[in-house]
Each structure stands twice: as structure tokens, then as C-alpha cells.
Amino acid sequence: MSQPTPIPRTPSAYAYPLLIKQLLHTPLAVNPEQEIVYRDQARLSYWNLRHRIGQLASGLHTLGIRPGDTVAVMDWDSHRYLEGYFAIPMMGAVLMTVNVRLSPEQIAYTLNHAGARLLIVHADFLPVIDAIRDQLGTIECYVLACDSSFGMDSAPLPDGFLAGYEAMLASSPPDYAFADFDENARATTFYTTGTTGLPKGVYFSHRQIVLHTLATMTALTSAPVQGRVHRDDVYMPLTPMFHVHAWGMPFVATALGLRQVYPGRYAADHLLALIAREGVTFSHGVPTLLHMLLSHPDCAHTDLSRLKIIVGGSALPRGLAQAALARGIDVFTGYGMSETCPILTLAQVKTPLLADAEAALDIRTRTGLPIPLVDLRIVDDEMRDIAHDGKATGEIVVRAPWLTQGYLGNAAESEHLWAGGYLHTGDIGAIDSDGYLQVTDRIKDVIKSGGEWVSSLELEDLISRHAAVSEVAVIGIKDARWGERPLPVIVLRPGQAADAAAIRTHLHEYVRRGAISRYAVPDHVLFVEAIEKTSVGKINKRLLREKYGAVSPAGGANG
């Protein structure tokens, strides 16, 4: 088949590659004096940010970093990280964001696998690096970052470190010439841990990050009321900057010229103090972080009525959403995965549906509407589309211009990810007639009991509505008669009481309403002090299955 002819180009016309550096044009033109705040340590303007981006690139160049090299960062959420988000890819190098919550052995594996040549590391993580230094085969240079002195590094450098971050910037010119290059060049690499095997490297190009930024920005700013982000907002991430570019939101906030606040290490009292002091109005994070904030004693004295929070990483329980709404927080779900850069959908409520509070709450806790440019389908095992009636379920597969094109150095897993030309999320979902997606389970987490499919996510949502429940995770446990049965693992609210009978009575009310089948009501319930989490704060169901999968009434399930 013949192909359309490309448009003619005037020899002097500028082709405008979609490079990360282009995201800086608007804030520098329209809001250059806007603040970027790091804890109580630093306050920068966008002019300062651009100046320091140039200095960082110049300093890295002096240390031998060239286009194509990988520079790794181990830091808390900081202005330094934001500078690295821009300077490192803008000079043609690759930014690797190190998951500081992995084990030392996993950190060593990811640094070696990515081929990192230089590591910028916060002083807090020096014990980790010291423990694995002899395992790091590709790193040639270390740069030390400290919080103690903004402007210069005063402490002596540890052995093997060639520079302190601030001293390097102070001695480097800001006028680094950021050249144009192919927009399809790799900009970032990070590692997704999953539940089994070694961490897998995902990677994204400049073009992909710019398009993800523009599409996410369009979705957020096009909302007329609920879930709307605008240029007067104050942004603070509650997702670590090592994790999927903090969901890409620092790029969005910078492109919009928002006031930005970076909290460093997460602690609930500190985060609440920053929200109050700096007037934070927009954030995002996993349900665990939102739960942590709402449960802290300082929360009662903090005004959260201007705050918008996107909750993702795992399902937003209805009970948690109700608690957030009661404090005036505009809370709603975002959906994606490490492989998708990550945003695919946002659960923004269509204006006509806002009048019904119960219906609006239901939508906020759904998985959401696809953002612009996302081609999202639910399909059967033969990749055939399934009806959008809100009931029929299938695997969620997607196409978008920002999805990782594979796993770094892992061709077999890459082909499995992209089987049939769509990226396979591994999630099961349904789409209703209004276009809202609802993830009903992970393929690996779904429970089959006596031939009936039981959704762990649906059960978690319903159990979370019980007044005494603080957190809940539902796993499948082996059963001689039914094959599998659901087991809720529950943390109760302080000072609240409930037993297995109370939880089952609560669920039987939803059976009576027709919301769930009677087969979904668990036989046993386990009450625990805490639920295990992954390195990014998600409920670790693999570990829960290993720990409680063989539980029986005699083995400790309450009832």
C-alpha cells in the first residue's frame, strides 16, 4: 500500500523535537519568579532552577558524563531531584532513579543492570552504598548530596567521592549548551519490582515523557470543577520521585509553572505541616499515604479543604474516600503502572453526575476515564472486545504514545508484555456505558471459589466501609472443598472493635442488596496489627499469601 507523502519542509524551518527541555519554555516565560520549596532548606525561583540545571549539566560534563551515559540518583524528594529530572536527560544522558526502598542487593543489581556510570547519592544512603560498593561494577564516580548546607557542601567527602553536589554546581557555569537530538532518545530508566524474580528495567524516551506530560496536563486542566488543576495550585508529591517519575507530575507542575513543594523524607507530621505552611493544594499518592495523613493526630488541626489528591498504586477504598471527602479533600483515583509512564485513566466525575453525592463517590473510587491519546480495551483470551455494560470483564490492554517499548535487556518478557500489539496490564476490568473503567482484580489475585470468580478488590472496598476497619487486604487461601476461599486480613481502627461475625454480617447486607454473591462472603477473617507493604507502599499480596495462604481456623483466623 502506498504511503502518504510527508509535508514539505523549508530548509530553514525548525523541526521542534519533543525534548524534555521544551517543558521549561512556558514557566520561564510566564512565571519565572514562582517558588520551588524544599522543606525549610531551600527556596528557588524558576530562574534559579534553570540556572542550576545548567550548572548540574556542566558539572556532570566535567566529570566525564556524555550523551548516552546513565546517571543514577539516590535522594529524597528534593529540588535536587527536580534538577536531575531535567539536566540529566537534557544533556543527552539517561536518568536512572534508584528505588531506595529495595534491599541493598537489589539496588546493586539495578545499578549494574542499568550500566550507571555516575551516582548522585544523599548522605543518608551512604551506609547502603558502603555495603555494596564492591558489587558495583559500572559506577566510576560518586557525587555526595547533603541537606545540611544549601549553597556549599561543608563536610569532607567520603573516600571515592569526586564532588559534593552543591560545590560542583557552584564551580560550574550555568550556560551549558543543551543541543537538539533525536526525540526518541532514551531519557529515563527505573526498575519495577513486581512480585517475583529480579527487578525489571523500564525506559522512556524524551518524546514519550513530553507527550505523557501534555496528555496528563490536558486531562487535569480540562475538568471544569472536580479534579481540576490550574496555574494557581501548589503542588507537592506524595509519590517518591524514584517511582515512575513521581507519576510524571513534577513534569506537569513545571510545565504549568506551579509553585512546587518538595518534602524530603516522608513523615505524616512533617507533610501536614508543609500542607498548612505552604498552602499545598495538589498531590498524589498510594492509599497508604492518604490513610497515614488522615490517621495522624495533627490532621484534626490542619485545613485540608483546598487539597486535591489523586490516589493510585492500588484501589481507593470507598471508606478511605469517604474519610477524605469528610475533610474537604477532592479525592479521586488515577490508574497506570510502571510500564505506562504511568497515567492511563483518571476518575474525574462528569459535571452532571456531581449532584448525586453517592453516585459521585462511586465514580471517584472507580478506575476512571482514559486520558487523551489512550486507546484502552477490555478483551477476552482471543483479544476480542468485551461489551461495555459495566458487568462483563476482561483483561485491560492499552496503546498510548508513552508506553515502555520493552524491558531493558529482556526480550522474552518484552514480547510477553506486548503480545498482539497491545500492552497487557495484567488487570481485569469492566467498562460502563459512561466510559468509566473499573479494575476488578489483578489476574494473579483473582479468587476462584467453587467455580465462581470472587473479586478481592470488590471485597476490600465493601469491607473498608465498616466503621471499625482501618485497612483491609483480601487474598485467596486454599480450601479442600471449594478450591479457594477469600480471606480478609484486617487492621482495626484504634479504639474500635469488630469480630469475624461482624464483618460477615456487614457483607451479608451487600448480598441482600444484590451487590455481591453469597459465595463471596468469607468463612474466616484474620485481624492483624499491620499489613505488609511493597517498597512503594502498595499492599504486598504475594507476601500475604506466603504468610497466611495456609491459614485455617485452628491456625489463627478469627472465626
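Residues numbered from 1 in each chain as written. Predicted model: local features only at pLDDT ≥ 70, side-chain atom pairs only at ≥ 80, totals over all residues. Heavy atoms only, no water.

Novice: Which parts of the structure should I look at to understand the overall build of the protein chain?
Specialist: If you tally the helices and strands in the protein chain, you get 17 helices and 25 strands. Radius of gyration (C-alpha) of the protein chain: 24 Å, near the 24 Å computed for a compact globule of 559 residues. Considered along the principal axes of its C-alpha atoms, the protein chain spans approximately 70 × 65 × 45 Å. Across the 559 residues of the protein chain, 57% fall into the buried class. Sequence separation of at least 24 residues holds for 68% of the intrachain contacts in the protein chain that already meet a minimum separation of 6. Per element, the accessible surface of the protein chain, about 23100 Å² overall, is 53% carbon and sulfur. (Helix = DSSP H or I, 4+ residues; strand = E, 2+ residues; numbered from the N terminus. Rg over C-alpha atoms; globule rule 2.2 N^0.38 Å. Buried < 20%, exposed > 50% of the residue type's maximum accessible area, 1.4 Å probe, protein only. Contact = heavy atoms within 4.5 Å. Areas by Shrake-Rupley, 256 points an atom, 1.4 Å probe, with all protein chains shown as cover.)

Novice: Hey, could you run me through the packing of aromatic side chains in this one?
Specialist: The geometry of two aromatic rings is summed up by the distance between their centres and the angle between their planes. Inspection of every chain in the model, using the stated rule, returns ten aromatic pairs. When the centroid spacing of 5.7 Å and the interplanar angle of 70 degrees are considered together, the rings of Tyr 14 and Tyr 16 count as edge-to-face. Looking at Tyr 16, the relative accessible area reads 37%, which means it is partly exposed. Put simply, the rings of Tyr 81, Tyr 85, Phe 86 and Phe 251 touch in pairs and so form one group of aromatic residues. Its end group placed over the ring of Tyr 407, Lys 200 keeps NZ or CZ at 5.1 Å from the ring centre. When the ring centre of Tyr 422 is taken as reference, the NZ or CZ atom of Arg 377 above it lies at 4.7 Å. (Phe/Tyr/Trp six-rings, centres within 6.5 Å; stacked < 30°, edge-to-face > 60°. Lys NZ or Arg CZ within 6 Å of the ring centre and 35° of its normal.)

Novice: How should helix α10 (residues 268–278) be read in this particular structure?
Specialist: Along an α-helix, residues three or four positions apart point the same way, because every turn accommodates 3.6 residues. Within α10, burial applies to Ala 268, His 270, Leu 271, Leu 272, Leu 274, Ile 275 and Glu 278. Of the surrounding secondary structure, the elements contacted by the buried residues of α10 are β1 (35–38), β2 (42–45), β10 (234–235), β11 (259–262) and α11 (287–295). Directly beyond the C-terminal end of α10, a positive phi value near 70 degrees is found at Gly 279.

Novice: Help me understand the sheet that holds strand β24 (residues 483–492), please; the structure alone is not making it clear to me.
Specialist: Pairing is mixed in the open sheet, where three strands are placed in the order β23-β24-β25. Whereas interior strands pair on both sides, the edge strands pair on one side only; in this sheet they are β23 (469–479) and β25 (526–527). Here ten bridges tie β23 to β24, and the two strands are oriented antiparallel to one another. Among the inter-strand pairings, Lys 478 is bridged to a residue of β24, identified as Glu 484. Running over the sheet, helix α17 (residues 541–548) touches β23, β24 and β25 and is turned about 60 degrees from β23. (Pairing = 2+ DSSP bridges. Axes fitted to C-alpha atoms, helices over the stretch in contact; angles between N-to-C directions.)

Novice: What am I meant to see in the nonpolar core here?
Specialist: One finds Phe 86, Leu 111, Leu 119 and Trp 402 to be the most contacted residues of the largest nonpolar core, which totals 118 residues. With residues up to four places along the chain from it excluded, the contact list for Leu 119 reads Ala 72, Val 73, Met 74, Val 98, Leu 111, Ile 129, Ile 139, Cys 141, Tyr 142 and Val 143. Leu 271, Leu 294, Leu 307 and Leu 316 belong to the second largest nonpolar core, which has 29 residues in total. (Core = buried A, V, L, I, M, F, W, Y, C linked by side-chain atoms within 4.5 Å.)

Novice: Is there a simple way to explain the pairing of strand β12 (residues 282–285) in this structure?
Specialist: Remark: a regular strand shows side chains that alternate across the two faces of the sheet. The alternating pattern of β12 places Phe 282 and His 284 on one face and Ser 283 and Gly 285 on the opposite face, and all of these are buried. Tracing the backbone out of β12, into α11 and back to the parallel element strand β13 (residues 308–311) gives a crossover that is right-handed. (Right-handed = clockwise from strand over helix to strand, strands pointing away.)

Novice: What's the story with the pattern of salt bridges in this structure? I'm lost.
Specialist: When their charged atoms lie close together, side chains carrying opposite charge are able to pair. Applying the stated criterion across every chain yields a total of 30 salt bridges. The salt bridge partner of Lys 533 is Glu 471, with a shortest N-O separation of 3.2 Å. Within this pair, whereas Lys 533 is found in the loop between β25 and α17, its partner Glu 471 is found in strand β23, the two being separated by 62 residues in sequence. (Salt bridge = Lys/Arg side-chain N within 4 Å of Asp/Glu carboxyl O.)

Novice: I tried to follow the confidence of the model for the protein chain on my own but got confused; where do I start?
Specialist: The predicted coordinates should not be examined in detail at positions where pLDDT is low. For the protein chain, per-residue confidence averages 92 on the pLDDT scale, and 96% of positions sit at 70 or higher. Confidence drops under pLDDT 50 across residues 553–557; counting only partners more than four residues distant or on other chains, this segment forms nine contacts. (pLDDT = per-residue confidence, 0-100.)

Novice: So what exactly am I meant to see when it comes to the sheet that holds strand β19 (residues 423–431) here?
Specialist: The sheet built from four strands is open, its strands ordered β17-β18-β19-β20 with antiparallel pairing. With one partner strand each, in any of the chains shown, β17 (375–379) and β20 (437–442) form the two edges of the open sheet. Direction aside, neighbouring strands of the sheet carry axes that sit 45 degrees apart on average. Relative to β20, β19 runs antiparallel, the two sharing five bridges. Its bridge partner being in β20, Gly 429 is matched across the sheet by Val 439.

Novice: Would you mind going over the packing of helix α7 (residues 206–222) against helix α9 (residues 249–256) with me for this structure?
Specialist: Geometry of a packed helix pair, given as the angle between the helix axes and the separation of the axes. Look at α7 against α9: their axes get within 9 Å of each other, and the N-to-C directions meet at 70 degrees. Of the possible angle classes, the one that applies to α7 and α9 is roughly perpendicular. Residue-level contacts link Ile 209, Thr 213, Thr 216, Met 217, Leu 220 and Thr 221 of α7 to Met 249, Phe 251, Val 252, Ala 255 and Leu 256 of α9. A breakdown of the residues in the contact of α7 with α9 according to their chemical character gives eight nonpolar, three polar and no charged. (Parallel < 35°, antiparallel > 145°, perpendicular 65-115°, else oblique. Nonpolar A, V, L, I, M, F, W, Y, C, P; charged D, E, K, R; others polar.)

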